[in-house]
Amino acid sequence: HETAVGNGSTNQRTREAPSQSSSGPGIDLNCVFDHLQNPPESFHYVYKKADSDGSGVHQEADVSPQAIDGFRAQPDGSQQPVHGVRSDAQSWQAALAGITGISGMSSTVATFNHNSAMKRETDGGQVNGYETIHYSIDTARWDATERQLLGNFALGPGGFDKGDVWVTAKGCPVKFVLDEEMHKKDGSVLDKIHYEESMVRK
C-alpha cells in the first residue's frame, strides 16, 4: 500500500511539472542580441540597471530593420545619442555597442534560469505586442542544495533574486523586472541592483 502511495505522489509530481521552470524556453538573452542585430520588425527597446552605489545603465532606442535611433545615459546623466543605419555596417555595429548593456545580466540570469527559482505562471498572453510566457522569479523557492550550489556562491548568504519576466516562445524577454540583493559572507548587504528591460512592438 505504501508503495502505491509513493507511486501516486510521483505521478502527481509529473503532472504538476509544467508549472515548474523546466517547461518552456526559459530566458534567452542571446535572443535579445539577435533581435537587435537583425530586427525582424520595428520595436522600442529599453534596458536599465540601477545600482545601490549610485551607478547605473540606461539604454533606449527605436529599432527597425533599417535603423537604430536612441541614446545611452552617461555617468553625469546626459544622453549620448546612438544612431546606426543597416546599410552602413560600421554605424550599425557602433549603435549596437551602445545598446547591448543587457549582456551584463548574463551571470545574474544564469543563477536562476531553468531551476526552481523560476515558475511558469498561467497568465502569459499579449504583452508589449508579443505573445508571451510569464515566469515569476524568486530564489526563496530554492531547496537547500540549490541555495548551496547557486545562491551562496552568486548572492551570498541571505542574498536573493526576485522579479517577473515575460518571454516569447523563443525565450526573448519582452518585459523583465528584477531585484537582486547580494550579501557578504556575514550576511550584511553588499549590493542591491534593480534591472528593467522591455521590447515594445510598434
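Residues numbered from 1 in each chain as written. Predicted model: local features only at pLDDT ≥ 70, side-chain atom pairs only at ≥ 80, totals over all residues. Heavy atoms only, no water.

Caption draft 1: View of the pattern of salt bridges. Summed over all chains, the structure comprises four salt bridges. Two residues, Glu41 and Arg201, come together in a salt bridge whose shortest N-O distance is 3.2 Å. In this pair, Glu41 is assigned in the loop between α2 (29-37) and β1 (43-51) and Arg201 in strand β10 (residues 189-201), connecting sequence segments 160 residues apart. Among the ionic pairs, Asp62 bridges to Lys202, the shortest N-O distance being 2.8 Å. Taken as a pair, Asp62 in strand β2 (residues 56-63) and Lys202 in the segment after β10 lie far apart in primary sequence, 140 residues in all. Lys202 gets classed as exposed once you look at its relative accessible area, which sits at 65%. (Salt bridge = Lys/Arg side-chain N within 4 Å of Asp/Glu carboxyl O. Helix = DSSP H or I, 4+ residues; strand = E, 2+ residues; numbered from the N terminus. Buried < 20%, exposed > 50% of the residue type's maximum accessible area, 1.4 Å probe, protein only.)

Caption draft 2: Fine view of helix α5 (residues 144-154). The N-terminus of α5 is capped by Asp143, whose side-chain oxygen sits 3.1 Å from the backbone nitrogen of Thr145. Downstream of α5 by a residue or two, Gly156 has a phi angle that is positive, lying close to 80°. (Polar contact = N/O pair within 3.5 Å; in protein donor to acceptor, adjacent residues only side chain to side chain.)

Caption draft 3: Fine view of the environment of Glu181. Tracing the chain through its elements places Glu181 in strand β9 (residues 173-183). For Glu181, the residues in contact, after removing those within four places along its chain, are Leu155, Gly159, Phe160, Val189, Asp191 and Lys192. A polar contact of 2.7 Å, which involves the side chain of Glu181, links it to the side chain of His183. (Contact = heavy atoms within 4.5 Å.)

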